[in-house]
Structure formats: structure tokens, C-alpha cells
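Summary of the model geometry
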Amino acid sequence: MLTYEKAKELLGSYGQEHLLDFYGELGAEEQTSLLAQIEKIDFSILAALDSKNNEALKRGKIEPIGAVTIADIEKNSGEYRSVGIDAIKAGKVAAVLLAGGQGTRLGFDKPKGMYNVGVTRELFIFECLINNMMKVVNEAGAWIHLCVMTSEKNHDDTVGFFREKNFFGYNADYVHFFVQDMAPSVDFDGRIYMESKSRISSSPNGNGGWFSSLVRSGLLAELKESGAEWLNVFGVDNVLAKIADPLFIGAIIKSGAQSGSKVVAKSAPEERVGVMCLEDGKPSIVEYYEMTDEMVNQRGDDGALAYKYGVILNYLFSISKLEDINKRSMPVHTVDKKIPYMDRNGDYIVPSEPNGHKFEKLILDMINMHDSCIPYEVMRDREFAPIKNPDGVDSVVSARKLLEENGVTL
Ligand code: UTP
């Protein structure tokens, strides 16, 4: 636990000492809470305000990238499966579920994983994901460690729900929770806002904060001790996610690459999904809004879209490479927002115009920090049913349909 002196020193190095201005006025409990918040803040994110970060966000030369295709996988499935199963049996693979998001588009007031997609029975998003993992656990005859990343905002609800539901039949000794770090909200001069005398204004630091948060929680050390070498990271949205898929693991291990990313062929050129590419010769992901019309419609010699491999937030990373990456700073994305705050007189102000920045790190930026990342193509109607919205595209409605098509009783 951070002491007052240590907190002061830390804040001093970032020019943010004012967070302790009212410390002397607080009761013991509030003082402890304020120090705990300071400890959980990812101050490195303030580097976003440096011009160097803008350099990091600039794009290099973008070119198409090849993938391990569905046909390649079919041809080598026996070998991939056996390498993957061996790795799982040896405890070399752990899974990381990113569930720290706020799910604003879905508009559900609880953690997204607690959403019930069932129709005639209860079937929660977390339950779908655990059921998917159980298939591999049964096939391999070995439990797989699952680390669930929550945020300060949804941690208690998430942990309580898993306990209440008895971990949906999963082995509780293999389920671990960690809280992602927070990013402070700042005014346009980079000064961190306070919400009250004892509360820092902050929000989850984006899904790219997962690895540093895992390290900081002490869980990475435990995973390594148990023999883990690879982490399969996936999001909470996709109810058809195949987790710790032996074929995927086998293909990436066999390839000798540092990482792999599951991809699906885009449904249409204008589909709003990030695509894998090469950027200055290294693997990368370009977001749909960064693509020019020419790139969107560009075709290769075979007539297929040149940038057709959309990412589905299912990655396999080697832990040793992640540790290497973690020594470097990740690009930080800044959004201008209306941030309620306490002014210098201690009054709470709700602004009507944007008055500062919020920050986020994105997991997709990790790909370009690798020397190699294999796009691994999967069938979208078997493995991709994201729930972002209540209805329409990528919604509860579209996911229910896909679940049924895949034999899941709703
Ligand atoms: P999204 O980009 O869909 O964000 O997250 P979101 O906050 O969940 O949803 P919207 O945009 O507000 O509707 C993709 C994945 O990354 C996780 C989410 O839980 C989801 O699995 N995530 C996102 C985090 O774990 N932490 C974050 O800070 C943000």
C-alpha cells in the first residue's frame, strides 16, 4: 500500500501534487481510499499529452498481409490439434477474458457478461464463454487457467455473479480476477481532475491496459509459476468465441511466430471492423475509419479484397514477448469529453462543453509491437457472434440467431 510520502513523491514526478491538496481534511478511511486510487492510476498514460505520442499514432506504409487460411487449417488440422492439445495438457496456455469495458452501446446496467441471452431459459454471456471453454477442457482432460479482467466499476458485481452461479461448472481454483488500471481524466492543460476531495476523476484505461494490469496484480507471476507460456486473450462480446482452441494454438506454435490473431473474412468491403495488415513490414491492425476508399475496395490478383481479414479480439500471445513489449510505452488514444469535477473552491461542476481528455490504450496497438503475428482465418458463422448493441448489427438479436445455428438451445 502506498504511503502518503510515496504518493507525494510519485505525484511530484508527474506534476500532479494537487491530488493531495485536501488530504489533511479527510478522515482516515477517505485518506486510505485516496492513496489506493493513486496507486491504481496508470500515470504513464499522461504521455499521451507529449508530442512523441502523436508520432506513435502516425501510420507507416500499409500493405496487405497473408493469412493461415481455412483451407490451410483443414489440411494440417491433425498436426495443429495434437501440438495444441499437448501445450494445453502441459499447462502452457492460459486464457484472459477482457471484461473491464463499460458496454455503453448495449445499455445494460450490469457487467456485459451478466446479460441473459437465453429465451426459454437463462443463458448468460459469461456462461456461453465458460461452456465454450469446457469443450476444450474436456477434450484435453486438463483445466485451463482463466483470468478475468474487470474494472473498478464492475469488479464486485462480476466476482459475485461467478460465485453465485458456481462458476458455471468451471473449476473455481482455475478462475482468477484482476482489476484493470484506471486512467485519470485531465483538463486541457493535463491537470488531473478531482471529483471530490477524496476521489480522483478516472475511467478504465482501455483494453490495451490488460497486460500491465495483469503484471501489477501479481497474477502473471503465478501463471508463469504454473508453467504458462502463452496467453489466449479474448473479449466478453463474442458468445461464439472459441477459447484455447487447440488448432489455433498448434498453428501458432508450429509457425514459430510470436503471436497469432483469429480473423474472419469481411462480410462486405465497408464492414466496420479493424483489419490485419503489414505496417512498415511489421504486423499491424488498421481500424476501419483509418482506411481510405481505395484501401477498402482494393483487390488482389485473386479478385479477393486485399484487406479482408477482420480481427475478432481473439489473440494468442507469447508471455516472453509480452514482457518485452511491456518495457516499452504503448500509444495512447485521447478523447475530448465533458468531465464533471470539483473546482478549487470544492464545488462540484457539471460542464456543458468538453472540458478535458480521457485516455485509452488499445489491445490492437500491441500487434504492431510484435515482429510476427499470424492472421488465422476462422469461419465467421461458427466463431463470431459479437454483442455490442441491443438489436441490429452485432447485437443480441444477431447473436441469438448465430447461437441457434450452432446448436445452442436458448
Ligand atoms: P469495446 O470496445 O466494445 O468497449 O470493448 P466497451 O466499453 O465494452 O463497449 P462500448 O463501446 O461502451 O459499447 C471490447 C472489449 O474490450 C473490453 C470489453 O469488456 C470488451 O471485451 N474492454 C474495453 C476492457 O476490458 N476494458 C476497457 O477499458 C475497454
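Residues numbered from 1 in each chain as written. Predicted model: local features only at pLDDT ≥ 70, side-chain atom pairs only at ≥ 80, totals over all residues. Heavy atoms only, no water.

We now examine the site of the ligand. Looking at the ligand, there are 18 residues lining it, with Leu98, Gly100, Thr104, Gln180 and Lys388 nearest. A distance of 2.8 Å is found between an oxygen atom of the ligand and a backbone nitrogen or oxygen belonging to Gly100. Between the ligand and Gln102 there is a distance of 2.9 Å, counted from an oxygen atom to a backbone nitrogen or oxygen. Burial of the ligand by the protein amounts to 83% of the accessible area it has alone, namely 560 Å². Residues belonging to the shell around the ligand are distributed by class as follows: six nonpolar, nine polar and three charged. (Near = heavy atom within 4 Å. Polar contact = N/O pair within 3.5 Å; in protein donor to acceptor, adjacent residues only side chain to side chain. Areas by Shrake-Rupley, 256 points an atom, 1.4 Å probe, with all protein chains shown as cover. Nonpolar A, V, L, I, M, F, W, Y, C, P; charged D, E, K, R; others polar.)

The next point concerns the layout of surface pockets. Quantified by volume, the second largest pocket comes out at close to 910 Å³. Considering the residues around the second largest pocket, the lining is formed by 44 residues, among which Ala56, Ser329, Met330, Pro331 and Val332 are closest to the centre. Elements with a minimum of two residues in the lining of the second largest pocket: helix H3 (51–57), helix H8 (210–217), strand S13 (282–286) and helix H13 (364–367). Residue contributions to the lining of the second largest pocket peak at four residues, all from H3. By residue class, the composition of the lining of the second largest pocket is 18 nonpolar, eleven polar and 15 charged. (1 Å grid on protein atoms, 1.4 Å probe; cavity = no way out; pocket = protein on both sides within 12 Å on 5 of 7 lines; lining within 4 Å. Points joined across faces, edges and corners; volume = space filled by probe spheres on them. Helix = DSSP H or I, 4+ residues; strand = E, 2+ residues; numbered from the N terminus.)

A word on the side chain of Asn205. The topology assignment puts Asn205 in the loop between strand S9 (202–204) and H8. For Asn205, a relative accessible area of 0% translates into the label buried. Reaching out from Asn205, the side chain makes a polar contact with the side chain of Gln180 at a distance of 3.0 Å. Apart from residues lying up to four places away in sequence, Asn205 is in contact with Asp42, Ile45, Gln180, Asp181, Met182, Ala183, Phe359, Glu360 and Lys361. (Buried < 20%, exposed > 50% of the residue type's maximum accessible area, 1.4 Å probe, protein only. Contact = heavy atoms within 4.5 Å.)

This paragraph deals with the nonpolar core. Grouped together as the largest cluster of nonpolar side chains are 61 residues, with contacts concentrated most on Leu97, Phe126 and Tyr170. Looking at this core, the element that brings in the most residues is helix H6 (residues 125–140), giving ten residues. Leu219, Leu364, Met366 and Cys373 belong to the second largest nonpolar core, which has 35 residues in total. (Core = buried A, V, L, I, M, F, W, Y, C linked by side-chain atoms within 4.5 Å.)

An α-helix turns once per 3.6 residues; consequently, residues spaced three or four apart project the same way. The end-to-end C-alpha separation of helix H2 (residues 28–40) is 19 Å, in line with the 18 Å expected for 13 residues at 1.5 Å each. Listed in full, the buried residues belonging to H2 are Gln31, Leu34, Leu35, Gln37 and Ile38. For H2, the angular spread of the buried residues around the axis is 155°, confining them to a single face. Exposed residues lying more than 90 degrees from the buried face of H2 are Ala28 and Glu29. (Expected span 1.5 Å × (residues − 1). Arc of directions from axis to C-beta.)

Here we take up H6. The end-to-end C-alpha distance of H6 is 23 Å, a good match for the 22 Å that 16 residues give at a rise of 1.5 Å each. Burial analysis of H6 places twelve of its 16 residues in the buried class, which makes it a mostly covered element. What H6 keeps buried is the set Ile125, Phe126, Glu127, Cys128, Leu129, Ile130, Asn132, Met133, Met134, Val136, Val137 and Ala140. Gly141, located one to two residues past H6, shows a positive phi value of around 70°.

Counting through the fold element by element, Gln258 comes out in the loop between helix H10 (246–255) and strand S11 (259–265). Through-space distance from the C-alpha of Gln258 to that of Ser395 is 33 Å; in sequence the pair is 137 residues apart.

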